[in-house]
Amino acid sequence: MSDLAWVPQSCTLPTEERPLRVAEWDELFAERLTSLSRRGPLRLHLDLAGGPGIEERVRDLAEREGGCCSFFAFTVTSEDNRIGLDIAVAQEHVAVLQALAVRTGAGEQR
């Protein structure tokens, strides 16, 4: 899924930086994702394995993503060496949330 056509026009991240940001998400998912669940059509929950600096990494990435894609609402929690990342969108951005779920490699399988 190297084509970034799913990125909405409302994203203010410069086009040339988008593949780098997507790569950051992909790397985080590949290294740390332990489970994924849809908590309704407009909400996605990711459980990530914790570790030194991981919570800060997740918070930083979520903050930067929210800065350029204000349609995302991120909530980061941590407990017992686990990082929870809740992602919510408005109805008009449900396709973007689904694309993000697919990027995890799990889609709605987990």
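As the structure is a computational prediction, the values presented were derived from the model and not from experiment.

K.L.:
Hey, could you go over the environment of Glu63 for me, with residue numbers and the actual values?
P.N.:
Positionally, Glu63 belongs in helix α2 (residues 54-68). Take Glu63: its relative accessible area is 64%, and that puts it in the exposed class.

K.L.:
Account for the side chain of His45, with residues named and values stated.
P.N.:
On the secondary structure map, His45 appears in strand β2 (residues 43-49). Within the local environment of His45, its side chain forms a polar contact with the side chain of Asp47, the two groups lying 2.9 Å apart. If we ignore the near neighbours within four places in the chain, the residues touching His45 are Ser35, Leu36, Ser37, Arg39, Gly84, Leu85 and Asp86.

K.L.:
Could you give an account of the packing of aromatic side chains, with specific residues and numbers?
P.N.:
Under the counting rule described, the total for this entry stands at four aromatic pairs. Ring plane angle 15° and centroid distance 5.9 Å describe the contact between Trp25 and Phe74, whose orientation is recorded as stacked. Here the residue Trp25 occupies a position in helix α1 (residues 18-32), and Phe74 occupies one in strand β3 (residues 73-79), the gap between them amounting to 49 residues. Judged by relative accessible area, which is 19%, Phe74 ranks as buried. Ring-pair connections join several aromatic residues into one group, and the members of that group are Trp25, Phe29, Phe71, Phe72 and Phe74.

K.L.:
A description of the sheet that holds strand β1 (residues 33-38) should follow, citing residues and the corresponding values.
P.N.:
Pairing within the open sheet is antiparallel, and its four strands lie in the order β1-β2-β4-β3. Of all strands in the sheet, those with a lone pairing partner are β1 and β3, marking the two edges. Within the sheet, the average angular offset between the axes of one strand and its neighbour, ignoring direction, is 15°. Sheet analysis places β2 next to strand β4 (residues 82-88), joined by seven bridges and oriented antiparallel. Within β4, the position partnered with Asp47 by the bridge is Gly84.

K.L.:
Explain the side chain of Glu65 to me, and be specific about the residues and the numbers.
P.N.:
Locating Glu65 in the fold gives a position in helix α2. Of the residues examined, Glu65 reaches a relative accessible area of 10% and is grouped as buried. In this structure the side chain of Glu65 is engaged in a polar contact, spanning 3.1 Å, whose partner is the side chain of Arg21. In this view, Glu65 contacts Arg21, Trp25, Phe72 and Phe74; residues no more than four positions away in its chain are not counted.

Reading the values: the criteria
Residues numbered from 1 in each chain as written. Predicted model: local features only at pLDDT ≥ 70, side-chain atom pairs only at ≥ 80, totals over all residues. Heavy atoms only, no water. Helix = DSSP H or I, 4+ residues; strand = E, 2+ residues; numbered from the N terminus. Buried < 20%, exposed > 50% of the residue type's maximum accessible area, 1.4 Å probe, protein only. Polar contact = N/O pair within 3.5 Å; in protein donor to acceptor, adjacent residues only side chain to side chain. Contact = heavy atoms within 4.5 Å. Phe/Tyr/Trp six-rings, centres within 6.5 Å; stacked < 30°, edge-to-face > 60°. Pairing = 2+ DSSP bridges. Axes fitted to C-alpha atoms, helices over the stretch in contact; angles between N-to-C directions.

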